[in-house]
Amino acid sequence: MVNVVTPKVLTQTLRALERDGLITRTVYAQVPPRVEYELTSLGESLLQPLTVLRHWAESHVPTILEARDAYDEAQDEALLGSPN
């Protein structure tokens, strides 16, 4: 499965982050147009908690995948066992 972020969704996400004060957007008047995004101090304050969350998620991937497999198997069994 390939996940692709569309330009529309990327634009909406960047605008929301800017609105929330997590990033700043700088537009340069040149050809071709150039835009740069930078974390604000508020955005930078999220780096440490997000790093901790990433490490937690990475260390628990096997357990999460096992839980998903068990859930999917139970759902499949429930569907096969139910009358049509």
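Per chain, the residues get numbers from 1 upward, laid out in the order the sequence is written. A pLDDT threshold of at least 70 governs which residues receive local features in this predicted model, and a stricter bar of 80 or more applies before side-chain atom pairs are shown or counted, although totals over entire chains, interfaces and linings include all residues. Side-chain numbers come from the whole structure's heavy atoms, not from hydrogens or water.

Engineer: I'd like a rundown of the packing of aromatic side chains, residues and numbers included.
Structural biologist: Each Phe, Tyr or Trp ring (for Trp, its six-membered ring) is paired with any other whose centre lies within 6.5 Å, and the angle between the two planes then decides the class: stacked below 30 degrees, edge-to-face above 60, tilted in between. Considering all chains together, one arrives at zero aromatic pairs under this definition. In this structure, Arg34 is placed above the aromatic ring of Tyr28, and the distance from its NZ or CZ to the ring centre is 4.0 Å. When the NZ atom of lysine or the CZ atom of arginine is within 6 Å of a ring's centre and also within 35 degrees of its normal, the charge is said to sit over that ring.

Engineer: Give me the packing of helix H3 (residues 47–59) against helix H4 (residues 61–81): which residues, what numbers.
Structural biologist: If you want to describe how two helices pack, look at the angle between their axes and the distance between the axes. Working convention: axes come from line fits to C-alpha atoms, limited for helices to the stretch in contact. Angles between N-to-C directions cover 0 to 180 degrees. In DSSP terms, a helix is any run of H or I states spanning at least four residues, a strand is any run of E spanning at least two, and both are numbered starting from the N terminus. Taken N-terminus to C-terminus, the directions of H3 and H4 make an angle of 60°; their axes are 5 Å apart at the nearest point. When the interaxial angle is binned, H3 and H4 end up oblique. In this structure, H3 uses Trp56, Ala57, Glu58 and Ser59 to contact H4, whose residues at the interface are Val61, Pro62 and Ile64. Looking at the contact of H3 with H4 residue by residue, the class counts come to five nonpolar, one polar and one charged. Any angle that falls under 35 degrees is termed roughly parallel, while one over 145 is termed roughly antiparallel, one within 65 to 115 roughly perpendicular, and all others oblique. We call two residues in contact whenever any of their non-hydrogen atoms come within 4.5 Å of each other. Residue type decides the class: Asp, Glu, Lys and Arg count as charged, Ala, Val, Leu, Ile, Met, Phe, Trp, Tyr, Cys and Pro as nonpolar, and the leftover types, Gly among them, as polar.

Engineer: Can you tell me about the environment of Leu17, naming the residues and giving the values?
Structural biologist: In this fold, Leu17 is placed in helix H1 (residues 7–19). Through-space distance from the C-alpha of Leu17 to that of Pro62 is 31 Å; in sequence the pair is 45 residues apart. Beyond its immediate sequence surroundings of up to four residues, Leu17 is in contact with Leu22 and Ile23.

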